[in-house]
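Chain by chain, the residues run as shown.
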Amino acid sequence: MTTTLPSTLPTRAVPTSAVPTRAVPTSAALAPQLAANWERLCPLADLEVERGRAALVGDEQVALFLLPGGDVRAVDNHDPYSGANVISRGIVGSRGGRPTVASPMYKQIFDLRSGTCVDTRGKEFRRLRIWPVRTLDGDLYLLRGGAR
């Protein structure tokens, strides 16, 4: 399990993963803003395509997913149907061109872009919170308090 790392910007460049990602520009003007509002989680190279990782941010668990196209998505690790922190262990797939994750507990399917449940398996509608993420110099950052 990946844990939260200090919220300071890296002091050295970390080699980027071979997988392309949307990157935040490394301009000097943007770096202080990242340090103030974004929490460094881990090197992007620690993530594997279509394999979830869990991160502890404060007292909340976040599930991280590196998608085949290079996008990184972050959602709550807490499954709203079972109450267990297991979303990072779910199966990554797609539905209608949208990246999804299926909960390993009761198999509800969630859209990784919006957090909405696209297959409730007969239960009431629930959703996962999403967390904005960015990369900078090969590291993954999550917006503090940014869950929606």
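Shown above is the structure to which this text applies.
These figures come from a predicted structure and were not determined experimentally.

### Quick notes on the overall build of the chain
In terms of helices and strands, the chain carries one helix and twelve strands. Seen in sequence order, the chain has helices and strands lined up from the N terminus as β-α-β-β-β-β-β-β-β-β-β-β-β. A total of 148 residues make up the chain; the buried ones form 43% of that total. When the accessible surface of the chain is totalled, it reaches about 7600 Å², and 50% of it is carbon and sulfur.

### A word on the nonpolar core
The biggest cluster of nonpolar side chains holds 15 residues, and the ones touching the most others in it are Leu41, Leu47, Leu64, Leu140 and Leu142. Elements represented by at least two residues in this core include exactly strand 2 (38–43), strand 3 (53–57), strand 4 (60–66), strand 5 (72–76) and strand 12 (139–143). Per-element accounting of this core gives the leading share, three residues, to strand 4. In this view, Leu47 contacts Cys42, Arg53, Leu64, Leu66, Val72 and Leu140; residues no more than four positions away in its chain are not counted.

### Points about the sheet that holds strand 6 (residues 91–95)
An order of 6-7-8-9 is seen for the four strands of this open sheet, with the pairing classed as antiparallel. Edge positions in the open sheet fall to strand 6 and strand 9 (117–119), since each of these has one partner strand only. Strand-to-strand twist of the sheet, defined as the mean angle between neighbouring strand axes without regard to direction, takes the value 40°. When strand 6 meets strand 7 (residues 98–102), the two strands line up antiparallel, connected through five bridges. Residue Gly93 lies in a different strand from strand 7, and its bridge partner there is Thr100.

### Structural notes on the pattern of salt bridges
Tallied over the entire structure, the rule returns ten salt bridges. Measuring nitrogen to oxygen at the nearest pair gives 2.1 Å for the salt bridge that ties Glu60 to Arg129. Placement of the pair is Glu60 in strand 4 and Arg129 in the loop between strand 9 and strand 10 (130–131), with a sequence separation of 69 residues. Owing to a relative accessible area of 28%, Glu60 belongs among the partly exposed residues under this scheme.

What counts, and where the lines are drawn
In every chain, residue numbers begin from 1 and rise along the written sequence. Given that the model is predicted, a residue must reach a pLDDT of at least 70 before its local features are reported, and side-chain atom pairs must reach 80 or more before they are shown or counted; all residues, however, enter totals for whole chains, interfaces and linings. The side-chain numbers reported here are obtained from all heavy atoms of the structure, hydrogens and water having been left aside. Counting from the N terminus, the helices are the DSSP runs of H or I reaching at least four residues and the strands are the DSSP runs of E reaching at least two. Each residue gets one of three labels from its accessible area relative to the maximum for its type: buried under 20%, exposed over 50%, partly exposed in between, using a 1.4 Å probe on protein chains only. Computed with the Shrake-Rupley method and a 1.4 Å probe, the accessible areas treat only the protein chains shown as cover for residues. Take the buried Ala, Val, Leu, Ile, Met, Phe, Trp, Tyr and Cys residues and link them wherever side-chain atoms come within 4.5 Å; each set so joined is a nonpolar core. Any two residues having at least one pair of non-hydrogen atoms within 4.5 Å are treated as being in contact. Paired strands, in this sense, are two strands between which DSSP finds at least two bridges. With axes taken as lines fitted to C-alpha atoms, and helix axes fitted only over the stretch in contact, angles between N-to-C directions fall between 0 and 180 degrees. A pair is scored as a salt bridge if a Lys or Arg side-chain nitrogen falls within 4 Å of a carboxyl oxygen belonging to Asp or Glu.

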